[in-house]
Structure formats: structure tokens, C-alpha cells
Protein chains: 2
Amino acid sequence: MKVNEYFDRLVPNYLFADVARKTGEFAAAHPEKEIIRLGIGDVTLPLAPIVVAAMKKGCEDLLYQETFKGYPEYEGYDFVREAISGYYKSFGVTVLPDEIFVSDGAKSDCGNLPDIFAQDNTILVTDPVYPVYVDANLMAGRKIIYASSGKENHFLAMPDKSVKADIIYLCSPNNPTGAAYSAEQLKVWVDYALENDALILYDAAYEAFIKDDSPRSIFSVEGARECAIELCSLSKTAGFTGTRCGYTVIPKELVRDGHSLHAMWYRRQATKFNGVSWPVQCAAAAVFSDEGLRQIRHNLDYYRRNAQVISDALDELGIYYTGGKNSPYIWLECPNGMGSWEFFDYLLENAAVVGTPGEGFGENGKGYFRLTSFGSYEKTVEAVERIKALINQR
Amino acid sequence: MKVNEYFDRLVPNYLFADVARKTGEFAAAHPEKEIIRLGIGDVTLPLAPIVVAAMKKGCEDLLYQETFKGYPEYEGYDFVREAISGYYKSFGVTVLPDEIFVSDGAKSDCGNLPDIFAQDNTILVTDPVYPVYVDANLMAGRKIIYASSGKENHFLAMPDKSVKADIIYLCSPNNPTGAAYSAEQLKVWVDYALENDALILYDAAYEAFIKDDSPRSIFSVEGARECAIELCSLSKTAGFTGTRCGYTVIPKELVRDGHSLHAMWYRRQATKFNGVSWPVQCAAAAVFSDEGLRQIRHNLDYYRRNAQVISDALDELGIYYTGGKNSPYIWLECPNGMGSWEFFDYLLENAAVVGTPGEGFGENGKGYFRLTSFGSYEKTVEAVERIKALINQR
């Protein structure tokens, strides 16, 4: 038998391992220093009470013959898909329940959706980029091209009409840069996709952090239903990183080569997936209830306040950054022309603050650095004071 | 963009839809008759109390900062993998925790494992067959060949040395036939795989039903660690069809083309999967505790008693069948040379009993019929009485 030789194209990314190693070495050498981690990409606040109550009720259902649940629908229970449809409606976007597929998370969908596409498609991603888009397609043997983002476009890559792409991954608000597209910018991408018979895979995992008029969904943009699939997650919206639930929206009118992409994805999921755990689906529906949305806002506001603390400090220091406003991520230019690992070392050694070197997310991450707002408020304030003192003293 | 044209190779299987339609039509025409369904492929008994308690405790953990869980390990928590390793040990098989990957179910793993294999591999499946093995590989463009099973080999297909296969799916005890390989038979498959540099994907989803000395794991067979991956599930073992948890074992010494298949699968899962829900992992570990194993035996024994009721009746009627002994499935030859749909109609119309026509599982299912033991004891007894009366009267 032959293994999938395309796995040899994958480059091991030791970013987080290297961050952990360096941090550990520093901690061992300086046991007296309190290290503050602002590199965390995972949520830290507990789930909302109404969500846990619904999940526990779901567990209880499995204890009795009358309420027991066996195999779920591949695409998710109706009441969950109706709740998600209602959530879209709350910000003015029409997505019908039967266009929604509930899954164990947006990462699975990001990686598995290419199953329904031919190998011979050119994948466009922005640089810097969430590595899953790249690796999932490298291992399937596809060609990857990059749209550059940087200071010149505020880390919001725009299409180059001279370049022909077939499938485009967009993430807005972006991981890692925190930058969010405007409606006008997304319209340019939709028009590019329509002109090129391309498809946009739109990762909206951070949409719940948007507080200005940036689109919460690509389906608020005219024409998107003919050229886009949207992926979303409860991981950041409601703290589901360890609970595992996401959803993908495929409009019924999305047809390519005479094939309904909705029907193809249904067939893929029916063959290679068996639906989401009953208690988790109960929890997901509770998130999108009125009371659920009220309760999750508490956590979102907590992280937003941290992001504000960091942004305010960078404004005060005159450091260029994106994100922070519509995103839990703050992407900053390393001061004084430092490289991203150089700044990592400088910050760790002189302020005992840990962040993430930007070059782990691509070429265009060189010279940049990611901080996140998922820590505690008190530690975020303390870290920011240390950073300010360090930069001002220089 | 281009869609995956291999999806056109998939043949829609309307088996269960046709069963439901015909049953519905009969029910509408004969409202006075009580229909008994022995076609159910899903469990019906609730989860064990200790499992639900552990799952509820897992939910509770997510409510508090101190016990909250974010992103899980891709391969499952250590305590779950240790519990599974201990379960293997309980029937004399050594599988180390770090050879185990916890997932959302064996169906996902059956379908996704081919990601680590090249397209240019020949897949061997037995006929009749669980359709997922076929469809997952058809949609990836692979060649499928069949090993025939039938009355001549008691529905236990054996390798043909003149045929060259690269990847072999085996399911024992089998879905749909209920037949279980002996250690000697599995050794023949292992030897075939070793001689041909082939790989066995061994689906042990029904191993908990084995009550004779048939192997519970392919790793009880010498040489299997050099040529087999084992997939298993809590769906039938512990009623997890709606709770969703399975596991896959890849020995560390399993190397092909200089690649560790364990390392390749880890990379695949790290890229396209994000682990299993915390409460579900807590529930899974509880299944494999001493008390958990005691409690799940109650349900297994209940289904086994149903299988015995069906088997006894077929013995009495002199009808040829496989399964029933080590499996919740009973696979019987349709009496009097009837076709499988013909027998379906005959049984429905004259006894108001519903089963599954064998031809839905492949060519070799023609003239065969699947009954399952997942119904209630009382209804199973009643159905069997009706079948006996019908066949005897003829």
C-alpha cells in the first residue's frame, strides 16, 4: 500500500512548542518572576449557566427510555438549526434552517469541506493565515497561492484581478490579525468570486466580537449566496472550545458543475460523520435563546474590555496594530523594527509577558506579534503596565 | 472551480427510505395492525446511570472557572485513553494509551482514515458490506474490489491469494451478517496482509457482543501490529449512538513507505479535527470503569436475550442464518427461495414485522434478510411468534 505522499509537503510548525519551551526555560531561570501569558488562543471563562443547565438536561434525557436519543440527524436537530437561523435573523441575515449543518466544530468543517472539491483547484489564502486552511489542502495535493496583507491594506488582503483562484478562504474578523472586512471590501471579494466562478469559504468564527458595522456574515453581501459557504463556531461566541460545536451554511442555490454543493456536503457528512452529541446540541440551542445570548454577552464583554486595555496602551505608545476592536486578537508591529522572535525574547526577558510571534502565521507575520484578550482582566492590566514601562524606558 | 467528480460514482442507496415508505403505506392501509420493527440498527436502551452521572459531572465542570475545559487534546485525554487501554487488558490484549486516538465515532474514523493513504490504492471489502467503507473510498476516487462471502464460507470472506489488495476493511462481528471470525481465520488475513504489504482496517464496533472465543481485537493475532489499524466505538458497547464517541488504535510500529501511520493520523487529526467534547470524554471513561462495565452488561445481556429468541426460532424452523450468537444482528436466508424484497413484503403483509432486505448491503445480500435484537424483549418474542406461525402455516 502507498501512503499519501502529499503529507510530505506539510512543514512542521513548532511555533507554540517553541513558545512553550522558551517560556519554560525563562520560568526555570527566574522563579521569582510572575509570567503573564497573553498568547492564549483559547477561551478561559466558564460556560453560561443556561448552557450548562441545558447540557445537563440533555445528559438526563439519555438516562430514561422515554427520552433516550440514538443516532442524530447528520445535519443536526431541527430545533438547533432553527435556533441558529434565528440568531442570523437577529442581525438581519436570512439563513434558512435547512441550509445549516451542525458539526463538532468549524475546524473540522474547514478541513473536511475540500472533500467535495476536485484536487485540481487552486486555493487562495491570505498571508498571514490560520494554518488549517493551508495544511488541509496541502495534504490533499492542492496548489496554494497567497494574497498579501500588510500595513498597506491594514492586514485586509484584497483580490488581485490578474490572479485566478478557484477556492478562497477568508476569515473575518481575522485570525491572527483581528482585522474585519467592511461590507464594501467583502463585496469586492464576492464580485471577484462571481467573475471567476470561484467559491469563498468564509470563516466567521469571531463574528460575535464585531461591534461596529462590519458584516457579521458574508450573506449580508449581495451575490454571496451564489459564491460562498460560511463556517462558524460556538468556540469563541460561547466558550465552546472544549464542548465542541460549530455550523456551516450552504445556500441551496449554490451550484457548480451542475452539482448542488449542499447536496454534496450532505452526502459527505452522511458518509463520513454521524452528527453531534445530543447534550452538546441541547447546549448549542440554549446559547441562541434570548437568555442564552444575554448570558454569553457577559463573557464577550469581559474579553472586549481586555482588548480595549491592550489597544489603549498601544495607542498611547504610538505602536501600529490591527484588531482589538472587533476581535479578541491584537496584531501589533514589533517596536523599533524588531523581528517577531526578537520581540518575543525582549518582552519575555524584560517584562515576563508572553505573546505569539507573528511569523508563525506566514511570511507577512515577520516583524509582527499577536496578543490576545483571553486572559484575566487583572493580569491583562498588569501586563500592559509592564509593556508600557518597558517601551517608554527604551 | 471544479467539484469532486468522484461523487458521481456514488449510487444513492434508498434501502432505509424504501423500508420506511413501504412500512408507512402498510400502516396507513392497516391501522388495526401493530407493526413490530426488527430492522432497527440503533440501540434503544438508555445509558448506564454511572455514565450519565459522569457526563453530568463533566457539564458541571464547564460552569466554574477552576474546572473549566478549553480545547482538548486532539487524541483524547490521557485518562480516557488509559481507561480504554485497561479495557483491552481486561480481555488480554495489550494496547498502550498512546496508541489510542479518541474520536466522535468509528464512522468518522472509517471515513477519514483514508486521508492518510494515497489515492492509488486498491480497497478490498467483503460482500455484503457496511456501505461507509465503499462510499468513503469511491468519493476519493479509489478502486474497490470485493471478497465474496456467502453460505459456502458462512459469510466470512477469506482472502484470495491471487488477488492483490492494498487496504482491507474487515468487520467482525460483521455488520450486516453478525458472523465473527475465529482467531485462525484472522491469522490468515494477517498473513495475507503481511505478504502483500497491505493494511487491514479492522472494525471491531460489535466486539462487546462476542461471547465465545472469537477474538475481541485483531491485536490478539500475531503479526497484526505490523499490518492493522483497529477501529472501535462505544455506540453498541455502551449505547453511545447519540452520545458520539469512538476510538482508533494505531500501533507505533506500523510503518509504510518509511512513514509512521500513527504520526500521519495524528497530523491529520491535528489539522482537521479538534477533539471530543469534555462531558463525552468523561462519560467514555466511566464506561470502562469496573462499575461501568458491570452496568453496560445489563443492556448487552438484554439485546443478547433478544438475539437468542430470534436464533432459537430460526433453528426451530430450520432456516439458515449467521450471527445472533456474537452479534446483535441475525442474517437469515429468505425461506422458500424468496428474494430479499419479496420476503420483506411477505413478512410485512402477513405478520406485520419489519426487517431489512439483504440486497441493500451488496450483491451477496440477495435472498438474505437482516433482523436485529435492538427492539424490546416483549415485541421481539411477539414478532418471532408471528414469524413462526406464518412460516409453519405455509
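Residues numbered from 1 in each chain as written. Chains lettered and ligands numbered in written order. Predicted model: local features only at pLDDT ≥ 70, side-chain atom pairs only at ≥ 80, totals over all residues. Heavy atoms only, no water.

Q: Hey, could you run me through the relation of the copies chain A and chain B in this one?
A: Mapping one chain copy onto the other needs a rotation about an axis and a shift along that axis. At an RMSD of 0.0 Å, chain A and chain B line up after a rotation of 180° and a shift of 0.0 Å along the axis. Viewed as a symmetry operation, the transformation between the two copies matches a two-fold axis. It is Lys56 of chain A whose C-alpha, among those of chain A, lies nearest the rotation axis, at 2.7 Å. Interface overlap between copies is the fraction of interface residues in one copy that are interface residues in the other; for chain A against chain B it reaches 100%, indicating a shared surface. (Least-squares fit on C-alpha atoms with pLDDT ≥ 70 in both. Contact = heavy atoms within 4.5 Å.)

Q: Is there a simple way to think about the packing of helix α3 (residues 78–90) of chain A against helix α9 (residues 278–287) of chain A in this case?
A: The relative placement of two packed helices is expressed as an angle between their axes plus a distance between the axes. Residue and element names in this part refer to chain A. At a minimum axis separation of 9 Å, α3 and α9 run at an interaxial angle of 25°. Taken together, the axis directions place α3 and α9 in an arrangement best described as roughly parallel. Considering how the two elements wind past one another, α3 and α9 form a crossing that is left-handed. The segment α3 lies against α9, with Phe79, Val80 and Ala83 engaging Trp278, Gln281, Cys282, Ala284 and Ala285. Residues that form the contact of α3 with α9 fall into these classes: seven nonpolar, one polar and no charged. (Axes fitted to C-alpha atoms, helices over the stretch in contact; angles between N-to-C directions. Helix = DSSP H or I, 4+ residues; strand = E, 2+ residues; numbered from the N terminus. Parallel < 35°, antiparallel > 145°, perpendicular 65-115°, else oblique. Left-handed = near helix turned anticlockwise from the far one by under 90°. Nonpolar A, V, L, I, M, F, W, Y, C, P; charged D, E, K, R; others polar.)

Q: It is not clear to me how the sheet that holds strand β2 (residues 100–103) of chain A should be interpreted in this structure. Could you clarify?
A: Across a sheet, strands are paired by hydrogen bonds formed along the backbone, either parallel or antiparallel in direction. All names here are of chain A. The strand order across the open sheet formed by seven strands is β2-β8-β7-β6-β5-β3-β4, and the pairing between neighbours is mixed. A strand with exactly one partner marks an edge of an open sheet, and here the two such strands are β2 and β4 (143–148). Recorded for the sheet is a direction-independent mean angle of 20° between the axes of neighbouring strands. Bridge analysis of β2 against strand β8 (residues 246–249) gives four bridges, and the strand direction is antiparallel. Opposite Phe101, over in β8, you have Thr248 as the bridge partner. The strands touched by α3 are β2, β7 (228–233) and β8; relative to β2, the strand with the most contacts, the crossing angle is about 115°. (Pairing = 2+ DSSP bridges.)

Q: Hey, could you run me through the pairing of strand β6 (residues 199–203) of chain B in this one?
A: Both faces of the sheet carry side chains from a regular strand, because those side chains alternate between them. Residue and element names in this part refer to chain B. The buried fraction of β6 amounts to five of the five residues, a majority that puts the element mostly inside the structure. What you see with β6 is no split at all: Leu199, Leu201 and Asp203 on one side and Ile200 and Tyr202 on the other are buried throughout. Pairing geometry for strand β5 (residues 167–171) and β6, over five bridges, is parallel. When the bridges of β6 are listed, Ile167 appears paired with Leu199. As a crossover connection, the stretch from β5 through helix α6 (residues 183–196) into β6 is right-handed. (Buried < 20%, exposed > 50% of the residue type's maximum accessible area, 1.4 Å probe, protein only. Right-handed = clockwise from strand over helix to strand, strands pointing away.)

Q: Is there a simple way to explain the interface of chain A and chain B in this structure?
A: By a frequent convention, interface size equals the accessible area lost on bringing the separate parts together. Across the contact, 79 residues belong to chain A and 79 residues belong to chain B. Contact between chain A and chain B buries roughly 6500 Å² in total, counting both sides, with carbon and sulfur atoms accounting for 56%. Where chain A touches chain B, the interface holds six salt bridges. Across the pair Glu60 of chain A and Lys56 of chain B runs a salt bridge whose closest N-O atoms are separated by 2.4 Å. Between the two partners, chain A and chain B, sit 44 residue pairs in polar contact (both at pLDDT 80 or more). (Buried area = accessible area lost by both parts, 1.4 Å probe. Salt bridge = Lys/Arg side-chain N within 4 Å of Asp/Glu carboxyl O. Polar contact = N/O pair within 3.5 Å; in protein donor to acceptor, adjacent residues only side chain to side chain.)

Q: In this structure, what is going on with unusual backbone geometry? I would like to understand it.
A: Generally, phi is negative for residues other than glycine and the peptide bonds are trans, each holding for most cases. Cis peptide bonds are those with omega within 30 degrees of zero, and the linkage from Asp127 of chain A to Pro128 of chain A qualifies with 5°. In this model, Asn175 of chain B is joined to Pro176 of chain B through a cis peptide bond whose omega is 15°. Position of Pro176 of chain B relative to the elements: it lies in the loop between β5 and α6. Not every positive phi belongs to a glycine, and Asn336 of chain A is a case in point at roughly 55°. Locating Asn336 of chain A in the fold gives a position in the loop between β12 (329–333) and α11 (340–351). The phi dihedral of Arg244 of chain B is positive, around 70°, even though this residue is not glycine. Within the secondary structure layout, Arg244 of chain B lies in the loop between α7 (234–238) and β8 (246–249). According to the relative accessible area criterion, Arg244 of chain B is buried, its value standing at 5%.

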